[in-house]
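Descriptive structure summary
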Amino acid sequence: MADKKQVTISPDICNYIEGLDYEIKAIQNLIAFLLRDETVSRKNIEYYEEKLTERTAEFELAKTEMASQYDIKGKWSLDYATRVVTIG
């Protein structure tokens, strides 16, 4: 089995990716909450669904750009607390 490689990324990039991740989760929770309330208009839910789509696209682009900048290929995970990307 191959050894896992680790790379430490910059605080700015890590914070940006982490912020998008948390924002996506918050919007998902908000949408789930709004869907349980029958008094909420569909227009309001659609607004947050659009925001979710935008943030998800930003998140995926940020991850792709980070991987390209640090020459990360294949499967990887990012520990936000340590800023360490584990590859493999």
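Above this text is the structure in question.
Structure report, in brief. Sequence order as written defines the numbering, with residues in each chain counted from 1. Thresholds applied to this predicted model are a pLDDT of at least 70 for local features of residues and 80 or more for the giving and counting of side-chain atom pairs; totals over whole chains, interfaces and linings are not thresholded and use all residues. Remark: hydrogens and water are excluded; side-chain values derive from all non-hydrogen atoms of the structure.

**Here we look at the sheet that holds strand S3 (residues 84-87)**
Spatial ordering of the open sheet is given by S1-S3-S2, a layout of three strands whose pairing is antiparallel. Either end of the sheet is taken by a strand with one partner, and the two such strands are strand S1 (5-8) and strand S2 (76-79). Between one strand and the next, the sheet's axes are offset by a mean angle of 20 degrees, whatever the strand orientation. Pairing between strands requires that DSSP locate at least two bridges from one strand to the other. Elements are defined by DSSP. Helices are runs of H or I of four residues or more, strands are runs of E of two residues or more, and each kind is numbered from the N terminus. Pairing between S1 and S3: four bridges, direction antiparallel. Residue pairing across strands places Thr8 opposite Val84, the latter belonging to S3. With axes taken as lines fitted to C-alpha atoms, and helix axes fitted only over the stretch in contact, angles between N-to-C directions fall between 0 and 180 degrees.

**Quick word on the pattern of salt bridges**
Any carboxyl oxygen of Asp or Glu that lies within 4 Å of a side-chain nitrogen of Lys or Arg is treated as forming a salt bridge with it. In total, this model carries nine salt bridges according to the counting rule given. Residue Asp21 is joined to Lys25 by a salt bridge in which the shortest nitrogen-to-oxygen separation is 3.3 Å. Here Asp21 pairs with Lys25, and both are found in helix H1 (residues 11-35), just four residues apart, close to one helical turn. In this structure Asp21 comes out as buried when scored by relative accessible area, which is 12%. Residues Arg55 and Glu23 are paired through a salt bridge, measuring 2.8 Å at the closest nitrogen-oxygen approach. Residue Arg55 is located in helix H2 (residues 42-69), and its partner Glu23 is located in helix H1; the two are separated by 32 residues in the primary sequence. Each of Glu23, Lys51, Glu54, Arg55 and Glu58 takes part in a single network of salt bridges with overlapping partners. Buried, partly exposed and exposed residues are distinguished by accessible area as a fraction of the type maximum, computed with a 1.4 Å probe on protein chains only: under 20%, between the cut-offs, and over 50%, respectively.

**Notes on the packing of aromatic side chains**
By convention here, two paired aromatic rings are described through the distance between centres and the angle between planes. The aromatic pairing rule takes the rings of Phe, Tyr and Trp, using the six-membered ring of Trp, and pairs them if the centres are within 6.5 Å, calling planes under 30 degrees apart stacked, those over 60 edge-to-face and the rest tilted. Per the counting criterion, the structure on display carries two aromatic pairs. A ring pair is formed by Tyr22 and Tyr80, whose centres lie 6.3 Å apart and whose planes are at 50 degrees; its orientation type is tilted. Of this pair, Tyr22 sits in helix H1 while Tyr80 sits in the loop between S2 and S3, placing them 58 residues apart in sequence.

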